[in-house]
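# Observations on the model geometry
Here are the chains, one letter per residue:
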Amino acid sequence: MRCRVGRAGFAISLVAVAVVFTLAARGQMQQPARPGKNAAPWWQHAIVYEVYPRSFQDTTGSGIGDINGIIERLGYLQDLGVNAIWLTPIYPSPQKDFGYDISNYEAIDPMFGTMADFDHLLAAAKAHHIRVIMDMVMAHTSDQSPWFKESRSSRTNPKRDWYIWRDGKGPGIPPNNWESDFGGSAWTFDPITKQWYYHKFLAAQPSLNWRNPAVEKAMFDVCRFWLNKGVAGFRLDAVPELFVDPKFRDEQVLPGLNVYGDPNLNQDRTENLPEVHVVMRALRKLVDSYPGHRVLIGETYLPNIQDQLAWYGGARHDELQLPMDMQVGFINKLDAAAFREKINQAETQLDGYMPLFVFDNHDNPRSWNRYGDGKHDAAIARIIATILLTTRSADLMYYGQEIGMVTTPPKTLAQVRDPAGIRGWPKYKGRDGERTPMQWNSGKDAGFSTAATTWLPIPASYKEVNVQVESANPDSLLNWYKHLISMRREIPALYRGRNIMVDTSDPDVLSYLRQEPGQASAVLVAMNFTQQAHTVAYQLQKEGITSSVATALLEDQGMSKTVDLHHVTLPPFAVFIGKVQ
Ligand code: NOJ
């Protein structure tokens, strides 16, 4: 590793890749607005870090992470620069779907700690300037929920209609062809009352009937319980699946089979029905009645930008503040034209609302593997980080993304913990691979636990890929993330500027400007998506850029600190971020 001190600030260079973060250039740019009366709500520029509590930090030696473990690591999260953490479910649960099967919505599963621990977490996080967002699973409960126990007990129980019960088409034949997202029919026959109940996910996760106003009331009361405690908002699980076709018509069958060997279906009778927007508007009113800009984040896998806009509430903007945009992060190949199109759509077709970009979460192989080519993975991970953190967006990060944790799928069926992986084996190995314990250091259990066996195995990469090793290496992915996060906080154009695509016919290099309206200067971001060097001749006069040079703010090795805009040569998979004016 080489280190060199820059002309008027500091500069760091890597063996393979040089990182230059020029404080002088930063200093020339204005500071972003500090929170004040007219400041934008915090979530507009937020970096929300997803914590999967089972895998973050174990303080009891159980091999499973816990709330006190999250408290221990708040200093790390503050130093990284995130604004909020989203906790995947920590409510009491039989853990059939690792917490997404909730049996009591107003308590903490003893596996993770106590309500007193949670209250302590809220206070400690606040002291670290970090907000806490809860996962809210409104579409279904556990079959061990008292609500479902009552519902299944008799056809005349007052809670019968809280869930979706139907007669079959005949003995052993479900009411229609709807499928569970985890394989097989979405209907299970219950011998107690001899009817079928609907479950979009596992049979242990019966779907609630949102056409019954009592369900909305009960769920909104749950939301009030947590808002009263002081949580900053909710990540709404599987929320496009709240309503199903009231006529229970079959889904249209599409060609081919899915990973479970079931026919592919067009899911428009079980997903994204218009009724859901009425509930979202009511829920938004509820959270808006609390002080402090509480936020609603949606788990919204949507097919296009028009549907995305609808989840904000269209022109009224009275639904979610941040429905997740899965269209950019899940392009799944380094295709400059596709990224240009999708980022630009989010910039120009969302009525100015802030997109929430996501590359990684607990349900998908890590971006390291989805975008890496096996040879240039570290450089490609820097590109992903750059897209995430330099576009005009709020952002979700997933624990371990910042150190380059790799997907580590189970090797045998016996090792699989995820029910989806058990059902899908061997074609689909499930989601364990992206849920392995956080890699903190090179010690026992990667610093995650002291247990003889952790709930999922520690990946082999932990000796080199861990927070301790990467913190000490200025050239690490962790430090690349930290630089980007602090640049985005400190450079107004990156914080709140428009996103303007430039060099738009280039198939290999993705380039854009971030520019505040009315400002002569801007930040140019350029990324070479290929393994060949590429030279770009920028024409930026239309954007009001008259100077022919760019001054580096952060750049990969092989690039100089001042580049001629008419001849910018980007080494393979290189990133250049510079100031232009
Ligand atoms: C989406 C969650 O992210 C996933 O982990 C879960 O299995 C399903 N919803 C069902 O709740």
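Attention in this report is confined to the structure presented alongside it. (Residues numbered from 1 in each chain as written. Predicted model: local features only at pLDDT ≥ 70, side-chain atom pairs only at ≥ 80, totals over all residues. Heavy atoms only, no water.)

## Focus on the site of the ligand
For clarity, the cut-off: Only heavy atoms are used to decide nearness, and a residue is near a molecule or strand if one of them lies within 4 Å of it. Any pair of nitrogen or oxygen atoms within 3.5 Å is treated as a polar contact; in protein, a donor-acceptor pairing is required on top of that, and neighbouring residues in sequence qualify only through side-chain atoms on both sides. Methods summary: accessible areas were calculated by the Shrake-Rupley approach with a probe of 1.4 Å, and residue burial reflects only the protein chains presented.
The full set of residues close to the ligand is Asp 97, Tyr 100, His 140, Phe 182, Phe 201, Arg 235, Asp 237, Glu 299, His 362, Asp 363, Arg 431 and Arg 435. Interatomic distance of 2.5 Å between a side-chain N/O atom of Asp 97 and an oxygen atom of the ligand. Taking Asp 363, its side chain carries an N or O atom lying 2.4 Å from an oxygen atom of the ligand. Compared with its free state, where it exposes 290 Å², the ligand has 97% of that area covered by protein.

## Description of the pairing of strand E8 (residues 187-190)
Put simply, the rule is: Strands are labelled as partners when DSSP assigns at least two bridges between them. Going along the chain from the N terminus, every DSSP run of H or I of four or more residues is numbered as a helix, and every run of E of two or more is numbered as a strand.
Two strands pair when backbone bridges link them, and E8 and strand E9 (residues 195-198) are joined in this way by four bridges, in the antiparallel orientation. The residue bridging Asp 190 from the neighbouring strand is Gln 195, located in E9. Hairpin connection of E8 to E9: four residues between the antiparallel strands, including Lys 194 at a positive phi of 55°.

## Some remarks on the nonpolar core
Generally speaking, soluble globular proteins have nonpolar side chains that are buried together. Applicable threshold: Grouping buried Ala, Val, Leu, Ile, Met, Phe, Trp, Tyr and Cys residues that are joined through side-chain atoms within 4.5 Å yields what is termed a nonpolar core. In this scheme, a residue with accessible area under 20% of its type's maximum is buried, one over 50% is exposed, and one in between is partly exposed, where area comes from a 1.4 Å probe on protein chains only.
Counting 149 residues, the largest nonpolar core has Tyr 49, Phe 118, Phe 234 and Met 280 as its most contacted members. Broken down by element, this core gets its largest block of residues, nine residues, from helix H12 (residues 377-390). Listed in part, the 21 residues of the second largest apolar core include Ala 522, Val 536, Tyr 538 and Leu 570.

## Some remarks on the sheet that holds E8
Strand order in the open sheet formed by three strands is E7-E9-E8, and the pairing between neighbours is antiparallel. Edge strands, defined here as strands with exactly one partner in the open sheet, are strand E7 (165-166) and E8.

## Observations concerning the packing of aromatic side chains
To keep things clear, this is the line we draw: Pairing of aromatic rings covers Phe, Tyr and the six-membered ring of Trp, with a centre-to-centre limit of 6.5 Å; geometry is then stacked below 30 degrees between planes, edge-to-face above 60, and tilted otherwise. Note on criteria: charge over ring means Lys NZ or Arg CZ within 6 Å of the ring centre, with the direction from the centre no more than 35 degrees off the ring normal.
Inspection of every chain in the model, using the stated rule, returns 31 aromatic pairs. Arranged with centres 5.8 Å apart and planes meeting at 90°, the rings of Phe 339 and Phe 529 form a pair that is edge-to-face. Note that Phe 339 is positioned in helix H10 (residues 336-348) and Phe 529 in the loop between strand E19 (522-528) and strand E20 (534-536), a separation of 190 residues in sequence. With respect to class, Phe 339 is no different from Phe 529; both count as buried. Every member of this aromatic cluster is reached through a ring pair, and the members are Tyr 91, Tyr 105, Phe 118, Trp 147, Trp 162, Phe 225 and Trp 226. Here the guanidinium or amino end of Arg 54 rests over the ring plane of Trp 455, the centre of that ring lying 4.2 Å away.

## Description of unusual backbone geometry
Pro 426 follows Trp 425 through a cis peptide bond whose omega is 0°. Note that Pro 426 resides in the loop between helix H13 (419-424) and helix H14 (467-471). At Phe 98, a residue that is not glycine, the phi angle is positive and equals roughly 45°. Mapped onto the fold, Phe 98 is located in the loop between strand E5 (84-87) and helix H4 (115-127). For Phe 98, a relative accessible area of 6% gives the class buried.

## Points about H4
Quick note on the threshold: The span you would expect from a helix comes to 1.5 Å times its residue count less one. Contacts are assigned to residue pairs that have any heavy atoms within 4.5 Å of one another.
Between its first and last C-alpha, H4 extends 19 Å over 13 residues, near the 18 Å set by a 1.5 Å rise per residue. Restricting attention to buried positions, one finds in H4 the residues Asp 117, Phe 118, Leu 121, Leu 122, Ala 124 and Ala 125. Those residues of H4 that are buried are in contact with helix H2 (67-72), helix H3 (74-80), E5, strand E6 (131-136) and helix H6 (213-229). Backbone nitrogen of Ala 116 and a side-chain oxygen of the N-cap are separated by 3.3 Å at the start of H4; the cap is Thr 114. Two residues or fewer past H4, His 129 is found with a positive phi of approximately 60°.

## What about the side chain of Thr 88?
Of note, Thr 88 is situated in the loop between E5 and H4. Apart from residues lying up to four places away in sequence, Thr 88 is in contact with Glu 50, Val 51, Tyr 52, Pro 53, Tyr 100, Asp 135 and His 362.

## So, the packing of H12 against helix H15 (residues 477-490)
Threshold: Axes here refer to lines fitted to C-alpha atoms; in helices the fit is confined to the stretch in contact. Angles between the N-to-C directions go from 0 to 180 degrees. Angle categories: roughly parallel below 35 degrees, roughly antiparallel above 145, roughly perpendicular from 65 to 115, and oblique for all the rest. Each crossing gets its hand from how the near helix is turned against the far one by less than a right angle, where anticlockwise is left-handed and clockwise is right-handed. Lys, Arg, Asp and Glu make up the charged group, whereas Ala, Val, Leu, Ile, Met, Phe, Trp, Tyr, Cys and Pro make up the nonpolar group; the residues left over, Gly among them, are polar.
Between H12 and H15, whose axes approach to 10 Å, the crossing angle comes to 15°. Here H15 runs roughly parallel to H12, going by the angle between their axes. You can see that H12 and H15 cross each other, and the crossing is right-handed. Residues Ala 381, Arg 382, Ala 385, Thr 386, Leu 388, Leu 389 and Thr 390 of H12 pack against Leu 477, Trp 480, Tyr 481, Leu 484, Ile 485 and Arg 488 of H15. Residues belonging to the contact of H12 with H15 are distributed by class as follows: nine nonpolar, two polar and two charged.

## A word on the environment of Pro 175
Counting through the fold element by element, Pro 175 comes out in the loop between E7 and E8. Distance in space between the C-alpha atoms of Pro 175 and Ser 185 is 9.9 Å, their sequence separation being ten residues. Once residues lying within four places of it in the same chain are set aside, the contact partners of Pro 175 are Arg 166, Asp 167, Gly 168, Lys 169, Trp 187 and Trp 196.

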